[in-house]
Amino acid sequence: MALVPMAIMLILFSFLIYKAIPSMRYTGFSFFTSYLWYPGNVYANPISFHGVMAPYRSSFGLLSFFVGTLITTGFAILIAFPVSIFLSLTINLYTPDRLKRPFSVLVELFAGIPSVVYGLWGVIVLEPVLLHNIMPWMKYVGFQGQIISGAGIMAAGLILSIMIIPIVTAVISESMHSQPRELKEGVYALGGTKWEVGKHVLLGNTRKQIVGGTLLGTGRALGETMAVLMVSGSIVNVLPTSIFSLTNTMSAQIAAALDSAFIDGTGMNLSALVELGLVLVLISLIVNLAGRAIVGRGALRGFEND
Amino acid sequence: MTEADFPAGRDLAGYESKYDRRVISDMIVRIIGYVILAFMSGLLLAIVGFVALKGLGVMTVKMLTTVGNTQTGGLANAIAGTWELVLTGLLLAVPVGMFGALYLSEYSSRVSGGVLRLFVDVLTSIPSIVLGLFGYLVLVIQLGLGYSLIAGGVTLGVMMIPYVLRISEISYSNIPRQTREAAYALGADNFQISFRLLIPQARAGILTGVLLAVSIAAGETAQLLYTALFNNGYTTSFLGQPVAYLTYVVYYSLQQNTVYARSMAYSAALVLVTSIFSILLVSKYISRIR
Amino acid sequence: MNKTASIVIGLVVVLVIAGVGAYVVYGHGSSNQSPSSKVTLTETGSTLLYPVFNIWAGNYSANKITTAGTGSGAGISGAIAGTVVIGASDAFMTNTQVQQNPGMLNIPILISSQYVAYNIPGLNSNTLHFNGTVLAGIYNGSINNWNNAQIAALNPGVTFPSHVIVPVHRSDGSGDTNMFTEFLSKSDSWWNNNVGFGTNVNWPSVPAAVTGQGNSGIISQMTSTPYSIGYIATTYEAQVHSAGFGIAALQNQAGQFVTMSQSTVMAAANHYLSQIPADGRLAIQFAPGNNSYPIVDLEYLIVKQVQPNANTAAALVAFLEWAVNSTSGGSQSKFISPLNLAPLPQAVVSQIVTPLINKISG
């Protein structure tokens, strides 16, 4: 039974690679350098290139989705990182013991909300607020660019940050909690304030876990599909020009473009999406395994091992 | 003794000014922390409150008891389908997780355990849309299972394995070594130890893992889009019929832009969040009394 | 583990089993009301046809129809792979797909049309005039403000605001995009030479452009984005009206500005229907004739010629014959008129559709 996960993963990787080969032959290295993702005219006669068939004038480059993934994930980390650290410090330093448990349960419930529900909230509540209240104000204080819609980089980044804060907070808070009592007591004995305990013991000794927790959060943000699909604006072939721009991510593009790929009789569109998925898996693997290596094996989403 | 028994420095050291820089920075951090904590709690409350208010405002008994198609009707088929998919997933995830963890915890060598655990970690890292793509290509098309309970459930099950396995493994390894040694001393073989001792002792932990996996699986969408598809009625067989599920209703009905379809999306979100929170709280309770 | 834990676990297990059991039994219960000899015909595909299929599924009692609106691509590929019995599609199969899958049938079933809608605060109650050239200009960025002279020239007496135009197009591949871009290609030579038409085209880069997934995605983007313009299947009329968009009159090949109606759609379709080839595949946009609405399309059901068994084949044939029947079947106006779909004329049904349906075997 322990072999099953390994077997599934081996089948998954070999199948994805096998299915991505036509796209690799057709696009070559330009898959990584082009930002044009164009399914081609599937009703025209297909062309043959490097021994594979593809729709007329089709071209596949992941750059705009890669940039979108990078920006939305970066935006999410930028918010989630400080917030999670302050949350962990507050829970560990300034919260009475009897409130710690309810807070940790709250954090877990936060993580349990399905991504489509975050997406629903994003579409109905967050997007209008961004469009009518926040974006005009940002423009007033000096942000450049054209406001088009509530959807886009900000909506996707904010939703992602709300989704990963529980994960990052759980890892950091847990590792702060497990710092030896003697170290904390030592600082207090020297006349230290709570913040000094936080700074020297809690932050000082958990740098690794802070990085690890952030990586695990990053991994989650990279792969998140539905919420981003609902609030990103799903733009194609355009690189963002400002913080108000619409965007798209690798995972959301797979979900959005899968259907039109099925119309392509040459199968090239599907193959290109599989290659996009493969790249996403590789990035996600590196980030997650690095995070896991630092944090240790117990944590899945950070807090299941208590 | 807790930290509270050690008063902060300024109280101990009377010669320090009340407006010492150190005290002020402590205050600032405390205030920022409280503000963020309050803000995040408020945000959770806002999201949950949004779902509750919108959902309760449109929820009817008819919504819960009639079948629907994301544009008209109710959620009964989607509720039933969600649990059918999750249970089918458990058929894969529970045996693999429970026995896989038993092997890893009790019988694996350093190397084999390390390699197998690495693949479990790899499995957790696969984004759900890629699992969905894989489910479509392999289960739906290659194996010819079609859009079905099997295809959707197995794709969900693959995602659930790591949660069941990891938490089961922790539960096994929390069983004291002496218990096992005592059993061996009484002449028990590996089979008896596994089934009579370890699994019963770890069952609360295993159940926690299962419930956690269920709570996550019930909220998944991307794996199911092209494996379970959707069904405007009940799904009554493992093969040959697509399956309805709640997250699809949230996603798809929202896009319909009609007042009724929106109310279906809100109701589906409310049912989802209520179920998931209940499952999580039960799992919390079990892991606490363990 | 203590007693409380056992009790809680026991309770949970019982609850879960009971709950699921109840649902499954409930499910079986309701399906038992109908004889078990019924065949389930699974459908997926076009979001344009999804509302029709939901109506059909509720009104067709001979067999059970399951529906799912995924997109035309999933409809075609699902029918080819045999994962669904019926693939609904706004577009017929490509030549490549036909060569690879000679056993598939493209059965024309209904006539659909498309709105060009706009959300311009203050002007949504006006019927604004557009032609292919101006729309091509808007979608390639050369006409980027509503106060552009070319737009004003088509709409004498209307005062346009000075605001950037937000063109909205589909992010997913779709028959709707195919219809719209084919209209642009046939009426504007720049568009024809530089962009062309298809289910997804290489959209010129317009800084203000917005995309949406599915017809609903277009509607929600336009709702939240004032000063936008987009193309929407007329089956979504209810949503277009509740969103309060304006609907354009479009210039046809004869130079007339016409709005969508049953008669203008049929006028356009009648110019082409006699030309439908035996395999059913034909594009019918931008028809000649003074009264022809320019964005009109045939909707298709894609099915396997050889079904897995005789029961399914018989059920499918019966359903298709019912669906295309405009007097007592699925194409009667009480089902399709509210969705702005038009039935195929009797001549087309007897000459093209029935021979195609009769090819189905089990």
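Residues numbered from 1 in each chain as written. Chains lettered and ligands numbered in written order. Predicted model: local features only at pLDDT ≥ 70, side-chain atom pairs only at ≥ 80, totals over all residues. Heavy atoms only, no water.

Q: Hey, could you run me through the overall build of chain A in this one?
A: A tally of helices and strands in chain A yields 12 helices and 4 strands. When the backbone C-alpha atoms are referred to their principal axes, chain A occupies close to 80 × 55 × 30 Å. Residues classed as buried in chain A amount to 63% of the 306 residues present. Partitioning the contacts of chain A with sequence separation of at least 6, the portion at a separation of at least 24 is 76%. (Helix = DSSP H or I, 4+ residues; strand = E, 2+ residues; numbered from the N terminus. Buried < 20%, exposed > 50% of the residue type's maximum accessible area, 1.4 Å probe, protein only. Contact = heavy atoms within 4.5 Å.)

Q: Explanation requested: the overall build of chain B in the structure shown.
A: Of the regular secondary structure elements, chain B holds 12 helices and 0 strands. Secondary structure of chain B in N-to-C order comes out as α-α-α-α-α-α-α-α-α-α-α-α. Over its C-alpha atoms, taken along the principal directions, chain B stretches across nearly 80 × 65 × 30 Å. Contacts in chain B between residues far apart in sequence, at least 24 positions, make up 74% of those at least 6 positions apart. Surface summary for chain B: the accessible area is close to 11,200 Å², and the carbon and sulfur share equals 66%. Of note, chain B has its 18 positive side-chain charges centred 6 Å away from the centre of its 13 negative side-chain charges. (Areas by Shrake-Rupley, 256 points an atom, 1.4 Å probe, with all protein chains shown as cover. Lys, Arg positive; Asp, Glu negative; His and termini not counted. Charge placed at Lys NZ, Arg CZ, Asp CG, Glu CD.)

Q: Explain empty space enclosed by the protein to me, please; I cannot follow it from the model alone.
A: Where empty space is left becomes clear once a probe the size of a water molecule has been rolled over the atoms. Scanning the entire structure with this criterion turns up 11 cavities of 30 Å³ or more. Around the second largest cavity, the lining comprises 20 residues; the ones closest to its centre are Tyr251 and Tyr252 of chain B together with Gly69, Thr70 and Gln213 of chain C. Contributions of two or more residues to the lining of the second largest cavity are made by helix H11 (250-261) of chain A, helix H11 (246-255) of chain B together with helix H9 (214-224) of chain C. Broken down by element, the residue count for the lining of the second largest cavity peaks at 4 residues, all from H11 of chain B. (1 Å grid on protein atoms, 1.4 Å probe; cavity = no way out; pocket = protein on both sides within 12 Å on 5 of 7 lines; lining within 4 Å. Points joined across faces, edges and corners; volume = space filled by probe spheres on them.)

Q: What is the right way to read the sheet that holds strand E11 (residues 257-258) of chain C from this model?
A: Residue and element names in this part refer to chain C. One open sheet holds the 3 strands; their spatial order is E5-E10-E11, and the pairing between them is mixed. The open sheet has two edge strands with one neighbour each: strand E5 (129-130) and E11. Pairing between strand E10 (residues 249-251) and E11: 2 bridges, direction antiparallel. Each bridged residue has a counterpart across the sheet, and for Gln251 the counterpart in E11 is Phe257. (Pairing = 2+ DSSP bridges.)

Q: Would you mind going over the pairing of strand E3 (residues 86-89) of chain C with me for this structure?
A: One face of the sheet, then the other: side chains in a regular strand alternate in exactly this way. All names here are of chain C. Residues Ile86 and Ala88 point to one face of E3 and Gly87 and Ser89 to the other, with burial holding for every one of them. Alignment of E3 against strand E12 (residues 296-304), held across 3 bridges, turns out to be antiparallel. Bridge pairing in E12 places Ala88 opposite Leu301.

Q: Is there a simple way to think about helix H12 (residues 310-324) of chain C in this case?
A: In an α-helix, one full turn covers 3.6 residues, which means residues spaced three or four apart are oriented alike. The terminal C-alpha atoms of H12 of chain C lie 21 Å apart, and with 15 residues this matches the ideal 21 Å at 1.5 Å per residue to within 8%. Where H12 of chain C begins, the side chain of Asn309 of chain C points an oxygen toward the backbone nitrogen of Asn311 of chain C, at a separation of 3.2 Å. (Expected span 1.5 Å × (residues − 1). Polar contact = N/O pair within 3.5 Å; in protein donor to acceptor, adjacent residues only side chain to side chain.)

Q: Looking at this structure, I do not really get the domain arrangement of chain B. What am I missing?
A: You'll often see interface size given as the accessible area lost when the parts meet. Residues and elements named next belong to chain B. By the assigned domains, chain B splits into domain 1 (1-58) and domain 2 (61-287). For domain 1 versus domain 2, the separation of C-alpha centres amounts to 37 Å. Opposite the 8 residues of domain 1 that make contact, domain 2 presents 8 residues. With both chains or domains summed, domain 1 and domain 2 bury close to 630 Å², and 85% of this area falls on carbon and sulfur atoms. It is Val51, Lys54 and Val58 in domain 1 that bury the most area against domain 2; as a group they hold 60% of the surface buried on that side. Between domain 1 and domain 2 we count 0 salt bridges in total. Counting the contacts that link domain 1 with domain 2 gives 0 residue pairs in polar contact (both at pLDDT 80 or more). Its residues assigned to classes, the side of domain 1 that touches domain 2 shows 6 nonpolar, 1 polar and 1 charged. (Domains from an automatic or database assignment. Buried area = accessible area lost by both parts, 1.4 Å probe. Salt bridge = Lys/Arg side-chain N within 4 Å of Asp/Glu carboxyl O. Nonpolar A, V, L, I, M, F, W, Y, C, P; charged D, E, K, R; others polar.)

Q: I tried to follow the interface of chain B and chain A on my own but got confused; where do I start?
A: The partner chain A presents 86 residues to the 90 residues of chain B that form the contact. In total, about 8,100 Å² of surface goes out of reach between chain B and chain A, with carbon and sulfur atoms giving 78% of it. In this structure, the connection of chain B to chain A is made through 3 salt bridges. The tally of links between chain B and chain A comes to 7 residue pairs in polar contact (both at pLDDT 80 or more). When residues in the side of chain B that touches chain A are grouped by element, the largest group, 21 residues, is from helix H2 (residues 21-58) of chain B.

Q: What am I meant to see in a nonpolar patch on the surface here?
A: Together, Val129, Ile134, Trp137, Tyr140, Val141 and Phe143 of chain A give the surface a local cluster of nonpolar side chains, amounting to about 640 Å² of exposed area. Mapped onto the elements, Val141 of chain A comes out in the loop between helix H5 (115-140) and helix H6 (153-177). (Patch = residues over 30% accessible without salt bridge, like charges linked within 9 Å, V, L, I, M, F, W, Y side chains within 5 Å.)

Q: Can you walk me through the confidence of the model for chain B in this structure?
A: In regions of low pLDDT, the predicted coordinates are not meant to be interpreted in detail. All names here are of chain B. The predicted model of chain B has a mean per-residue pLDDT of 89, with 93% of residues at 70 or higher. Between the elements of chain B, mean pLDDT differs from a low of 48, seen in helix H1 (residues 9-12), to a high of 95, seen in helix H4 (residues 76-107). Contacts of residues 1-7 to residues separated by more than four positions or lying in other chains number 12 contacts, the stretch itself having pLDDT below 50. Under the prediction, the complex receives an ipTM of 0.92, its pTM being 0.88. (pLDDT = per-residue confidence, 0-100.)

Q: What exactly am I supposed to notice about the packing of aromatic side chains here?
A: Aromatic ring pairs are defined here through the distance separating the ring centres and the angle between the ring planes. Residue and element names in this part refer to chain C. Scanning all chains against the criterion turns up 40 aromatic pairs over all chains. Plain terms: the ring middles of Tyr60 and Phe319 are 5.1 Å apart, the flat faces sit at 70 degrees to each other, and that makes the pair edge-to-face. With Tyr60 in the loop between helix H2 (50-59) and strand E2 (64-66) and Phe319 in helix H12, this residue pair connects regions lying 259 residues apart in the sequence. Overall, the relative accessible area of 8% leaves Tyr60 in the buried class. Ring geometry for Tyr118 and Phe130: centres 6.0 Å apart, planes at 50 degrees, overall tilted. You can see Tyr118 sitting in strand E4 (residues 104-119) and its partner Phe130 sitting in strand E5, a full 12 residues away along the chain. For Phe130, a relative accessible area of 0% corresponds to the buried category. (Phe/Tyr/Trp six-rings, centres within 6.5 Å; stacked < 30°, edge-to-face > 60°.)

Q: For this particular structure, what's the right way to read the environment of Thr236 of chain B?
A: All names here are of chain B. Structurally, Thr236 can be placed in the loop between helix H10 (203-217) and H11. A residue is classified by how much of its surface remains accessible, and Thr236, at 29% relative accessible area, is partly exposed. When the C-alpha atoms of Thr236 and Glu84 are compared, they prove to be 9.6 Å apart, with 152 residues separating the residues in sequence.

Q: I'm lost on unusual backbone geometry in this one. Help?
A: It is generally the case that most residues other than glycine have a negative phi and that most peptide bonds are trans. Of note, Thr70 of chain B is a non-glycine position whose phi angle comes to about 75 degrees, a positive value. Looking at the element boundaries, Thr70 of chain B is found in the loop between helix H3 (61-65) and H4. Using a relative accessible area of 0% as the deciding quantity, one classes Thr70 of chain B as buried. At Asn340 of chain C, a residue that is not glycine, the phi angle is positive and equals roughly 65 degrees. Within the element layout of this structure, Asn340 of chain C appears in the loop between helix H13 (333-336) and strand E13 (342-343).

Q: I keep staring at the environment of Ser142 of chain C and nothing clicks. Help me out?
A: Residues and elements named next belong to chain C. In this fold, Ser142 is placed in the loop between helix H5 (132-140) and helix H6 (149-154). Ser142 sits 41 residues away from Phe183 along the chain, and the two C-alpha atoms are 18 Å apart. In contact with Ser142, not counting residues within four places along its chain, are Gly137 and Asn148.

Q: I'm lost on the pairing of E4 of chain C in this one. Help?
A: All names here are of chain C. Burial analysis of E4 places 16 of its 16 residues in the buried class, which makes it a mostly covered element. Of the strand pairs in this sheet, E4 and E12 are connected by 9 bridges, and their pairing is antiparallel. Along E12, the bridge assignment pairs Ser113 with Val296. Pairing geometry for E4 and E13, over 2 bridges, is antiparallel. Residue pairing for E13: Leu110 is matched across the bridge by Pro343. When E4 meets strand E8 (residues 228-233), the two strands line up antiparallel, connected through 6 bridges. Counted as the bridge partner of Ala117 is Gly230 from E8. Where E4 and strand E9 (residues 246-247) come together, 2 bridges link them in antiparallel fashion. Paired with Ala117 across the bridge in E9 is Ile247.

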